[in-house]
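Next come the chains, spelled out residue by residue.
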Amino acid sequence: MAKCIMIQGTSSNVGKSLISAGLCRIFANAGYKTAPFKSQNMALNSYITKEGLEIGRAQAVQAECAYQDIDVRFNPILLKPTGSKISQVIINGEVYGNMTAAEYFKVKHKFIKNIKESYESLNCEYDIIVIEGAGSPAEINLNNNDFVNMGMAKIANAPVLLAGDIDRGGVFASLYGTVELLKEDKNFFKGFIINKFRGDKSILEPGLKQIEDLTGINVLGVLPFEKFNIDEEDSLSEKLQNNKKGIIDIAVIRLPRISNFTDFAVFEYYDEVRVRYINNTLDFGEPDLLIIPGTKNTIDDMRFLRSSGLITKIMQHAETGKGIIGVCGGYQMLTSIIKDPENMESGGEVAGLNLLKAETIFESEKTRTVVEGCFNHITGYFSFLNGAPFQGYEIHMGKTYSDNNFISDIKDSFGNTKKDGLAEKNILGTYIHGVFDNQVVKRIVDKLMHEKGINKKAEDYNIKELKNKEYDRLADMIKANLNMNKIYEILEKGVNYGKR
């Protein structure tokens with residue numbers, strides 16, 4: 001049976017996912033067969049297993065950190081918000097249906113069995129399971145039938161490390177308040193982690209001692225504020241406020257329901273490139289390349305492009321001859337019309353950007369598959385991509401139809417072959433997430449550098465190696481700043497260790 005440890009946080013975006021990922025790499029490097037686990041995730045940034053099943057992106061990253069194949073059991077429940085009050089509910093990687101929060105809370109007790117089945121099967125196969133909580137366990141209005149924070153800790157009998165973000169302020173109050181609001185479960189808390197600290201740690205020492213005295217819980221370490229080029233799933237990610245300077249300016253439209261923005265992290269490996277996210281006309285500027293990303297609600301986000309005035313900027317950019325790439329929902333927006341006859345998203349239909357002569361129709365079946373392929377039928381601006389192989393995955397509602405030639409031949413993980421993508425003049429669209437993580441990114445950067453008069457070629461990076469270096473750097477940072485001896489001790493002794 002596996003040992004387990006759980007990372008909870010005082011709020012969302014305190015660093016639970018990265019801390020969990022770093023621990024997965026540390027334990028795996030120490031020779032333990034390690035698995036990540038998050039019973040319920042709410043995220044628009046997801047990933048597809050080789051079996052065509054959908055999980056949260058954070059658990060996919062954690063699996064890579066642990067050198068494990070990505071397994072749907074790592075995240076049995078995924079909620080993907082489609083609008084302000086509705087989410088698509090995904091159980092064991094398959095779409096269960098769309099629900100309001102009230103509807104979901106009425107039936108969520110039925111899904112506890114899915115969580116227990118996934119966890120118990122992992123428990124029999126692994127040495128260590130690193131469990132990630134969600135949001136804050138102190139959201140006491142949500143604690144009835146909870147199975148993602150303290151409810152999950154009880155299912156797994158998992159000792160909990162509570163992380164707080166000092167950069168946003170109030171870390172001691174949030175740590176103390178969380179423990180005090182959960183007095184009945186206090187014995188599960190075995191350590192505090194203070195994350196995102198800038199400055200001289202010695203200044204913190206009085207506060208560290210006082211929080212330990214007040215709660216009887218040890219501070220296991222203070223993690224410095226460091227940036228890693230590691231895929232994140234939270235739309236609040238600092239990647240969306242990237243202030244890096246670069247000769248090449250790539251602008252990504254920050255749609256209200258943006259999904260899988262990690263598609264573009266690969267560009268950040270290049271010193272010459274700046275990737276910035278824009279959601280208004282004032283910040284549009286004069287980018288060298290414009291990208292329209294994926295979205296969980298293509299129709300509503302198409303309406304946003306109109307209401308915000310960004311549609312005018314996009315059309316003006318297209319007229320300059322500079323490139324525009326649409327990925328997944330962004331590809332659908334590039335077409336002439338988007339129809340939703342079965343109310344899979346918002347219902348009805350909306351005019352697209354009409355930059356690609358095609359129509360998109362939403363259908364009840366969701367496409368979910370890992371793919372590989374090659375660009376081979378592109379004319380116009382993006383013809384330099386012909387012959388470039390790629391790997392990635394599809395995850396979308398709807399299909400795009402056109403009388404024009406599609407630009408790539410792809411094969412999915414089930415052995416099926418089909419066509420994908422369209423290109424006209426300086427416009428390119430594809431359904432493939434991860435399409436840039438191969439030779440494609442180098443060819444694009446080479447093209448943009450040539451257009452800027454830069455007389456050199458882009459580095460030919462091995463993206464998988466670069467990702468692993470970042471995972472190792474994260475693990476090294478955590479090992480250097482957390483009391484790992486104490487963490488191993490907590491792992492070994494479990495919840496009853498240090499029982500009051």
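Calculation rules
Along each chain, residues carry numbers from 1 onward, in the same order as the chain's sequence is written. For this predicted model, a pLDDT threshold of at least 70 governs which residues receive local features, and a threshold of 80 or more governs which side-chain atom pairs are given and counted, while totals over whole chains, interfaces and linings are taken from all residues. With hydrogens and water excluded, all non-hydrogen atoms of the structure serve as input to the side-chain values. A helix here means a DSSP run of H or I that spans at least four residues, while a strand means a run of E at least two residues long, and both kinds are numbered starting from the N terminus. The rule is simple: take the accessible area with a 1.4 Å probe, protein chains only, and divide by the maximum for that residue type; under 20% is buried, over 50% is exposed, in between is partly exposed. Any two residues whose heavy atoms approach within 4.5 Å at even a single point are treated as in contact. UniProt positions are given in the numbering used here, feature names are shortened, and annotations may be inferred rather than shown by experiment. The reported arc concerns the directions from the helix axis to the C-beta atoms and nothing else. The axes used here are C-alpha line fits, helices contributing only the stretch in contact, and every angle between their N-to-C directions lies in the interval 0 to 180 degrees. An angle counts as roughly parallel when it lies under 35 degrees, as roughly antiparallel when it exceeds 145, as roughly perpendicular when it falls between 65 and 115, and as oblique in every other case. Residue classes follow a fixed rule: Ala, Val, Leu, Ile, Met, Phe, Trp, Tyr, Cys and Pro count as nonpolar, while Asp, Glu, Lys and Arg count as charged, and any other residue, Gly among them, counts as polar. Two strands are said to pair when DSSP picks up at least two bridges between them. Side-chain atoms alone can form a polar contact between residues adjacent in sequence; in general such a contact is a pair of N or O atoms within 3.5 Å, and within protein one must be able to donate a hydrogen while the other accepts it.

1. Examining the environment of Ala475
Piece 1. Here Ala475 shows up in helix α12 (residues 463-481).
Piece 2. Its relative accessible area of 3% is what places Ala475 among the buried residues.
Piece 3. Sequence separation between Ala475 and Arg25 is 450 residues, and the spatial gap between their C-alpha atoms is 6.1 Å.
Piece 4. In this view, Ala475 contacts Gly22, Arg25 and Ile26; residues no more than four positions away in its chain are not counted.

2. Re the UniProt feature "active site" (unreviewed entry) in the chain
Piece 1. Residues annotated in UniProt with the feature "active site" (unreviewed entry) correspond here to Cys328 and His433. In terms of the greatest pairwise C-alpha distance, the residues named above, spread along 106 residues, form a tight cluster of at most 7.3 Å across.
Piece 2. One can find Cys328 in the loop between β18 (323-327) and α10 (329-334).
Piece 3. Among the residues examined, Cys328 registers a relative accessible area of 5% and is labelled buried.
Piece 4. Cys328 has contacts with Gly294, Ile395, His396, Thr430, Tyr431 and His433, leaving out every residue within four places of it along the chain.
Piece 5. When you line up the elements, His433 lands in the loop between β26 (427-430) and α11 (439-451).
Piece 6. Assessed through its relative accessible area of 1%, His433 is described here as buried.
Piece 7. If we ignore the near neighbours within four places in the chain, the residues touching His433 are Asn260, Asp263, Val327, Cys328, Gln391, Gly392, Tyr393 and Ile395.

3. Some thoughts on helix α13 (residues 484-493)
Piece 1. Three or more residues of α13 are buried, namely Met484, Ile487, Ile490 and Leu491. Axial view of α13: buried residues confined to an arc of 115°, hence all on one face. Exposed residues lying more than 90 degrees from the buried face of α13 are Asn485 and Glu492.
Piece 2. Of the residues trailing α13, Gly494 is marked for its positive phi of about 75°.

4. Digging into the packing of helix α8 (residues 298-307) against helix α9 (residues 310-320)
Piece 1. In contact at an axis separation of 5 Å, α8 and α9 are set at 85° when each is read in the N-to-C sense. With respect to α9, the axis of α8 lies roughly perpendicular. Here Met302, Phe304, Leu305 and Arg306 of α8 lie close against α9, whose contacting residues are Leu310, Ile311 and Ile314.
Piece 2. Of the residues assigned to the contact of α8 with α9, the class counts are six nonpolar, no polar and one charged.

5. Details of the sheet that holds strand β8 (residues 94-100)
For sheets, the rule is that strands pair by backbone hydrogen bonds, running either parallel or antiparallel.
Piece 1. In space, the four strands of this open sheet follow the order β3-β6-β7-β8, with mixed pairing throughout. Each end of this open sheet is capped by a strand with a single partner; those strands are β3 (40-42) and β8. Between one strand axis and the next, the sheet turns by 20° as a mean value, whatever way the strands run.
Piece 2. By the bridge criterion, five bridges tie strand β6 (residues 77-81) to strand β7 (residues 86-91) in an arrangement that is antiparallel. Along β7, the bridge assignment pairs Leu78 with Ile90.

6. A closer look at the UniProt feature "domain: CobB/CobQ-like glutamine amidotransferase" (unreviewed entry) in the chain
Piece 1. Taking the numbering used here, the UniProt-annotated feature "domain: CobB/CobQ-like glutamine amidotransferase" (unreviewed entry) corresponds to residues 249-439.
Piece 2. As a span, residues 249-439 carries 15% helix and 41% strand, and end to end its C-alpha atoms are 20 Å apart.

7. Section: the side chain of Ser259
Piece 1. Take Ser259: it is sitting in strand β14 (residues 258-259).
Piece 2. With relative accessibility at 7%, the residue Ser259 sits in the buried group.
Piece 3. Only 3.2 Å separates the side chain of Ser259 from the backbone nitrogen of Thr295, close enough to count as a polar contact.
Piece 4. With near-sequence residues (within four places) excluded, Ser259 lies in contact with Leu44, Asn45, Gly294, Thr295 and Lys296.

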